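Each chain, written out:
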Amino acid sequence: SAVERAYEDCTSTVYDLADMYVRRMMVELETGGNIRLEDGKPSDLWHSSCVDLISSRFFPADFAGIPGVPKITGVRVTRVTRIHNRHLRNRFEQRLEALVDMSDPAYKRSL
């Protein structure tokens, strides 16, 4: 019946989400916290920046000539995940310190 089908769909969705979150937590655990994943909300500045970037780089003409694919006219971003990588951040800061005089309080403006 329709109720059983809706129940099965909901159950499947819940199990898929739980599996995704377990995999994400395993990444964080296996890296000792050096890699952390953060889901974005539309109110986050970086979320809207990512959505704008994806939207601005999408060109329908790139998908026009693919046989067997219906006409693709746009893209919709459903989720944005921010990846915090402590190792890469530390490397960036070390290189930045080597290139820029960090003792000057206005060093960010000179970048």
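As a reminder, the structure under discussion sits directly above these lines.
Attention here is on the structure that accompanies the text. The shown structure was predicted, so the numbers you read here are calculated from the model rather than taken from an experiment.

1. Overview of the overall build of the protein
Then, in step 1: In terms of helices and strands, the protein carries 4 helices and 2 strands.
Then, in step 2: Order of helices (α) and strands (β) in the protein, N terminus to C terminus: α-β-α-β-α-α.
Then, in step 3: Here the protein has a C-alpha radius of gyration of 21 Å; the compact-globule value for 111 residues is 13 Å, and the former is much larger.
Then, in step 4: With the principal axes as the frame, the protein shows a C-alpha extent of 70 × 40 × 30 Å.
Then, in step 5: Across the 111 residues in the protein, those meeting the buried criterion constitute 10%.
Then, in step 6: Look at the contacts in the protein between residues 6 or more apart in sequence, and 52% of them connect residues 24 or more apart.
Then, in step 7: A gap of 5 Å separates the mean positions of the 16 positive and 16 negative side-chain charges of the protein.

2. As for the pattern of salt bridges
Then, in step 1: Taken as a whole, this structure holds 4 salt bridges when the rule is applied.
Then, in step 2: As a salt-bridge pair, Asp19 and Arg23 come within 3.1 Å of each other at their nearest N and O atoms. Of this pair, Asp19 and Arg23 both sit in helix 1 (residues 2-30), separated by 4 residues, roughly a single helical turn.
Then, in step 3: The shortest N-O distance in the salt bridge between Glu93 and Arg89 comes to 3.0 Å.

3. A few points about a nonpolar patch on the surface
Then, in step 1: Judged by side-chain polarity, Val22, Met26 and Leu29 come together as a nonpolar surface patch covering roughly 290 Å² of accessible area.
Then, in step 2: Within the secondary structure layout, Met26 lies in helix 1.

4. Observations concerning the packing of aromatic side chains
Then, in step 1: Under the defined criterion, the tally for this structure stands at 1 aromatic pair.
Then, in step 2: Between Phe58 and Phe63 the ring centres are 5.4 Å apart and the planes differ by 20°, which places this aromatic pair in the stacked class.

Reading guide: rules and limits
- Residues numbered from 1 in each chain as written.
- Predicted model: local features only at pLDDT ≥ 70, side-chain atom pairs only at ≥ 80, totals over all residues.
- Heavy atoms only, no water.
- Helix = DSSP H or I, 4+ residues; strand = E, 2+ residues; numbered from the N terminus.
- Rg over C-alpha atoms; globule rule 2.2 N^0.38 Å.
- Buried < 20%, exposed > 50% of the residue type's maximum accessible area, 1.4 Å probe, protein only.
- Contact = heavy atoms within 4.5 Å.
- Lys, Arg positive; Asp, Glu negative; His and termini not counted.
- Charge placed at Lys NZ, Arg CZ, Asp CG, Glu CD.
- Salt bridge = Lys/Arg side-chain N within 4 Å of Asp/Glu carboxyl O.
- Patch = residues over 30% accessible without salt bridge, like charges linked within 9 Å, V, L, I, M, F, W, Y side chains within 5 Å.
- Areas by Shrake-Rupley, 256 points an atom, 1.4 Å probe, with all protein chains shown as cover.
- Phe/Tyr/Trp six-rings, centres within 6.5 Å; stacked < 30°, edge-to-face > 60°.

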